Amino acid sequence: MERRSFLKVGAAAGGSLLIPVFGNAIAAEELLNPMAVQFKKSLADAAMNAATKAGASYCDVRIGRYLNQFITTRDLNVENIVNTESSGVGVRVIAGGAYGFCSTNVMTLDSVAEAARQAVAIARANAKLQSEPVQLAPVKGVGDVAWATPFKKDWRTVPIKEKAEMLIAANKAGMDAGANFMQSMLFQVNQQKYFASTDGSYIDQDMHRLWSPLTATAVDKATNRFRTRDGLSSPVSMGYEFFDAKPENKFKAAGGVTTLYKGAYDLIEDARAAGRQAREKLTAKSVEPGKYDLVLSPEHLFLTIHESVGHATELDRVLGYEANYAGTSFATLDKWQSKKFKYGSERVNFVADRTTSGSLACVGYDDEGVPAKRWDIIKDGILVNYQATRDQAHVIGEKESQGCSYADSWSSVQFQRMPNVSLQAGKKPLTPDDMIKDVKKGIYILGRGSFSIDQQRYNFQFGGQLYFEIKNGKITNPLEDVAYQSNTQEFWNACSALCDERDWRMGGSFFDGKGQPSQVSCVSHGSPTTRFNGINVINTARKIG
Amino acid sequence: MKMLNQEEAKRVCDKVMALSKADECRVQISGNRRGNIRYARNSVSTAGLVENTQLTVSVAFGKRQGTASVNEFDDKSLEKAVRRAEEVARLAPENPEFVPAIKTQLYKGSNTYSAATAAIDPEYRAEVAAQSINSARKKGLVAAGFFSDSTGFETVANSNGVFGYQTLTNLGFTVTTRTEDGRGSGWVTRSANDAAKFDAREASDVAIEKALKSVDAKALEPGRYTVILEPAATSEIIGRMFGAFDARQADEGRSFLSKKGGGNRLGEKLFDEQVNLWADPWNTDVPVLAWDNASMLARERTDVIKGGKIESLDYTQYWAQKQDKRAFGRHGNMIMSGGGKSTEELIASTKKGVLVTRTWYIRMVDPQSLLLTGLTRDGTFYIENGKIKHPIKNFRFNESPVTMLNNIDELGKPVVIGGDEVRFQMMIPPMKVRDFNFTSLSDAV
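Below: a short report on this structure. Everything numeric here is computed off the predicted structure, so don't read it as measured data.

1. Some thoughts on the overall build of chain B
Helices and strands together make up the secondary structure of chain B, namely 10 helices and 19 strands. Against the 2.2 N^0.38 benchmark of 22 Å for 445 residues, chain B shows a C-alpha radius of gyration of 24 Å, consistent with a compact globule. Dimensions along the principal axes, computed over C-alpha positions, put chain B at roughly 70 × 60 × 35 Å. Residues classed as buried in chain B amount to 62% of the 445 residues present. Contacts spanning at least 24 positions in sequence make up 73% of the contacts within chain B whose residues lie at least 6 apart. One finds the centroid of the 61 positive side-chain charges in chain B at a distance of 2 Å from the centroid of its 56 negative side-chain charges.

2. Observations regarding the sheet that holds strand β5 (residues 163–179) of chain B
All names here are of chain B. Spatially, β3-β2-β1-β4-β5-β6 is the arrangement adopted by the 6 strands of the open sheet, whose pairing is antiparallel. The open sheet has two free edges, formed respectively by β3 (64–70) and β6 (185–192), since each of these has just one partner strand. Each adjacent strand pair in this sheet contributes to an overall mean axis angle of 15 degrees, direction not counted. Sheet analysis places strand β1 (residues 24–40) next to strand β2 (residues 43–61), joined by 17 bridges and oriented antiparallel. Bridge assignment links Gln28 to a residue of β2, and that residue is Thr56. Here helix α5 (residues 200–213) sits on the sheet and contacts β4 (141–158), β5 and β6; the angle it forms with β6, its principal contact strand, is near 155 degrees.

3. Details of the sheet that holds strand β18 (residues 425–428) of chain B
Residues and elements named next belong to chain B. Read across the open sheet, the 6 strands follow the order β10-β9-β8-β11-β18-β17; overall the sheet is mixed. Strand pairing shows two members of the sheet lacking a second neighbour, β10 (309–310) and β17 (415–418), which therefore form its edges. Where strand β9 (residues 302–306) meets β10, 2 bridges bridge the pair, whose relative direction is antiparallel. Opposite Ile305, over in β10, you have Ile310 as the bridge partner. Relative to the sheet, helix α6 (residues 231–241) contacts β9, β11 (333–336), β17 and β18, its axis offset from that of β18 by approximately 120 degrees.

4. Quick notes on the interface of chain A and chain B
Contacts between the two partners involve 73 residues from chain A and, on the opposite side, 93 residues from chain B. Counting the surface lost from both chain A and chain B, the interface buries some 7,300 Å², and carbon and sulfur atoms represent 49% of this. Here Asp366(B) ties to Arg227(A) by a salt bridge, and the two come within 3.9 Å at their closest N and O atoms. The interface formed by chain A and chain B includes 26 residue pairs in polar contact (both at pLDDT 80 or more). Residue assignment for the side of chain A that touches chain B shows that the elements contributing at least two residues are β1 (24–25), β3 (77–95), α3 (109–127), β8 (214–220), β9 (225–230), β21 (451–453) and β22 (459–462) of chain A. With 4 residues, the top contributor of residues to the side of chain A that touches chain B is β3(A). Looking at the side of chain A that touches chain B residue by residue, the classes come out as 31 nonpolar, 27 polar and 15 charged.

5. Thoughts on the nonpolar core
One finds Phe245(B), Phe256(B), Phe271(B), Met336(B) and Leu405(B) to be the most contacted residues of the largest nonpolar core, which totals 66 residues. Looking at which element gives the most residues to this core, the answer is α6(B), with 5 residues. Excluding residues within four positions of it along the chain, Phe256(B) makes contact with Ile544(A), Met241(B), Ala244(B), Phe245(B), Arg265(B), Leu270(B), Phe271(B), Pro367(B), Gln368(B), Leu370(B) and Val402(B). Residues Leu296(A), Tyr343(A), Ile445(A) and Phe491(A) belong to the second largest nonpolar core, which totals 53 residues.

6. Here we look at the pattern of salt bridges
On inspection of all chains with the given rule, the structure shows 61 salt bridges over all chains. Salt-bridge contacts for Asp181(B) lead to Arg183(B); the nearest nitrogen and oxygen are separated by 2.7 Å. Since its relative accessible area comes to 47%, Asp181(B) is described here as partly exposed. Each of the salt bridges in this network shares a partner with another, and the network as a whole consists of Arg74(A), Asp75(A), Glu97(B), Arg248(B), Glu252(B) and Arg254(B).

7. Looking at the packing of aromatic side chains
All told, the structure shown has 41 aromatic pairs over all chains when counted by the stated rule. Ring centres of Phe350(A) and Trp492(A) lie 5.0 Å apart, and the angle between their planes is 85 degrees; this geometry places the pair in the edge-to-face category. Placement of Phe350(A) in strand β14 (residues 350–353) and of Trp492(A) in helix α10 (residues 488–493) is noted, with a sequence separation of 142 residues between them. The class of Phe350(A) is buried, set by a relative accessible area of 0%. Grouping aromatic residues by their ring pairs yields a cluster made of Phe350(A), Phe460(A), Phe462(A), Tyr484(A), Phe491(A), Trp492(A) and Phe532(A). It is Arg358(B) that lies over the ring of Trp187(B); its NZ or CZ is 4.1 Å from the centre. Looking at Arg377(B), its charged tip hangs above the ring of Trp360(B), at a distance of 4.5 Å from the centre.

8. Some remarks on the layout of surface pockets
All names here are of chain B. Roughly 980 Å³ of internal volume is contained in the second largest pocket. Lining the second largest pocket are 36 residues, and of these Arg190, Val206, Glu230, Thr343 and Val415 lie nearest its centre. Contributions of two or more residues to the lining of the second largest pocket are made by β6, α5, α6, α9 (343–348), β12 (352–366) and β17. In terms of residues, the lining of the second largest pocket owes the most to one element, β6, which gives 6 residues. Its residues placed into classes, the lining of the second largest pocket shows 17 nonpolar, 6 polar and 13 charged.

So, how was this worked out
- Residues numbered from 1 in each chain as written.
- Chains lettered and ligands numbered in written order.
- Predicted model: local features only at pLDDT ≥ 70, side-chain atom pairs only at ≥ 80, totals over all residues.
- Heavy atoms only, no water.
- Helix = DSSP H or I, 4+ residues; strand = E, 2+ residues; numbered from the N terminus.
- Rg over C-alpha atoms; globule rule 2.2 N^0.38 Å.
- Buried < 20%, exposed > 50% of the residue type's maximum accessible area, 1.4 Å probe, protein only.
- Contact = heavy atoms within 4.5 Å.
- Lys, Arg positive; Asp, Glu negative; His and termini not counted.
- Charge placed at Lys NZ, Arg CZ, Asp CG, Glu CD.
- Pairing = 2+ DSSP bridges.
- Axes fitted to C-alpha atoms, helices over the stretch in contact; angles between N-to-C directions.
- Buried area = accessible area lost by both parts, 1.4 Å probe.
- Salt bridge = Lys/Arg side-chain N within 4 Å of Asp/Glu carboxyl O.
- Polar contact = N/O pair within 3.5 Å; in protein donor to acceptor, adjacent residues only side chain to side chain.
- Nonpolar A, V, L, I, M, F, W, Y, C, P; charged D, E, K, R; others polar.
- Core = buried A, V, L, I, M, F, W, Y, C linked by side-chain atoms within 4.5 Å.
- Phe/Tyr/Trp six-rings, centres within 6.5 Å; stacked < 30°, edge-to-face > 60°.
- Lys NZ or Arg CZ within 6 Å of the ring centre and 35° of its normal.
- 1 Å grid on protein atoms, 1.4 Å probe; cavity = no way out; pocket = protein on both sides within 12 Å on 5 of 7 lines; lining within 4 Å.
- Points joined across faces, edges and corners; volume = space filled by probe spheres on them.

Rendered as structure tokens:
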């Protein structure tokens, strides 16, 4: 489920007071001075010593420094530039068989020790209402280790002026091409995370992520219609070299209907296309509702994957821990235990993965100190596994955790969040153009649009950014007012073809919400262009007074 | 950092503004203590307490603005924050839409503080969870819930003499109660400023009753139905509509309130005449801060829809200036008039219809018509001849709040309802609405 907390950043424009949402605002040059590892280790030891002395059977400490920069632009104006920093320590313990958690932003030995003691007191209070003790799957301590997102160009060293000029140039390109209004933003994130636990791990990690969403809006005052087209890029876990797109990073979508990107992004080029296509959407043909074969581009399909497979196979949801908020899951334990639950057609293979470079959930270790790994979730269409943390592994007979623990802040308790969950490419050579040749009545959909799914991840409805009618193997004309409805099992069983590895790309979600109090995480989902036969398409056009 | 009283807050604001060398300076301080307890599978899973006080300073040199924030209040930290804001301002390009700091405002305080809520402690939270879990256990059900409370203050000031200070409390509670076999699910939500108005047992019993009654739901064909929507089912639908009340969007042709040929639809009747909606910071049931933190402008009691007519639009300071209008503080609450009937009485007067407890995962499909999609959840029932006949499977809907508010048959007694993804505190009635558009079935329970 995607939340909207980032919108607050863009809302405080026009001279009003800005309230940073992720931390304290800081000057850019201060971003490059990391905390000394030895200092972090001493804080962690102070917390662990205090916790064990107070009676904890286990303790982990997360010392976080979170640096963000947001730039928001509208048309030819920069609305806001915000640097934020948030630092502090979160201590989690097990005492009396129950969890306790406490955090502090005061980075002294005394303060973290006190937080540890408070965490133990909370654990003891929770133990009274605990029905069974927490069982942690073993993790071998790794000693002192470090991991960092591989990148070539550090966003923190790129002048603000250069970034702002790129966004304004994109807005100008979109307006020149037909948009009346343009918005573009640049989110830049650096998470410096230090993890230590009584298992003997001291893990120092440095993660970098970027996202540059844009929206072009075209208005026709005579007809009182307006249409938008969002950018076709995805958030990534890499450096600022993401914006240095070379010819090899660009390719044409099926039928040449637009340009797509892989490995790097040309923001200005995409903004230009967005401006033109937003205007074209004003006169596109409204879709005839009915059954269609859908050809879904990875920039679109990632969100359907996220909602119908990513969230559905989270073990905490399956067990009922999210029942009051994000919901449970139709993919219940009995279906997994049967070893024959047909989640999808035999072509459908989903892999959970925290190791693919450039993906948003790629880390060296999760927030319980578990090394990143890769495993099957759906194999040849059958549900074969879930996503689990240390305290859940025993439920599914795993001897070790799958490394799915994450907290969005030093002040938040870590819990189960999804790794990258990706659809594997087809094994036979197939391009999107080849795939379309076999479609008699279909729709080609690109880009993420509206999305909604029920609380057990079954019934869903999705829209996109660009829709093209396919008739007798050929793309004919653009369509509008398209949304498709299905349920997860029927949809994935309707999967009839997958393009090969050459077409495999990752989309991603930057603000995925879950938990109470709600936390956000980010995750990538890869897929090739994929076909689904006989899916129900509705027309979303409405007339109101 | 302890909570600041009015004098202490004023002293900090004055000190910060005195440190600034910029053309103007704006200060906001937010302090709060938030406690929570979360439970699932009839067992507490997490409990937390977070205390924080944050100062945000924004300065401007001409049309260049910079912002910084700290949560330390010694003199050195305050100076650091001001210098950081000034550095960012010097790096920022000029914003042609920059609006100078506002002049002194009259902030008429609202009653947003309750001593009973401020006194909530870990034992109180544990008792809420225990009452909820024990009530569910007695009926053989499984509870998952979340209770949170907050106590804090807000203060704003600027170098033109603006100053405001107010204390606030709030609490929120939700619980989902399910049958062990997963065939039935019920839910309830409660929100209040004053803990004296909250009863965990009463609330939990509502979720329990819905869970027991919702077992063995039958499928009803998707289509247009008369629906009785409980306030929690419409709060997110209605709440989303107000984002499109932005005057600039309407004037620029990007809203359902844009007029063909240009301009906006202010003054036009777009809804059933029973629809009356207004914002009122001083309402005793949903009191909110007397000003809007972002602009520092005072809030006003404002009719938004009156007798079905669009009565007002939201103007930012920049757009108000450009259009020669007056801007005031962005609304913090939304209140809708209704009748005196309870939900049960609305059911009693319904020949055939669907009762909806809660709506879920609502997203915009088409901003042109405000078409939203989402689903029903945790208690959907078929009504026949004034009585709930049996539970029914959940539906997906595709409906616009504009259409919905044109199809009102009857309104019940308004109740306080906390938003999830909507920024308003709300007080809205249960509604009986005809021709509500359910487009597909969901097997999810």
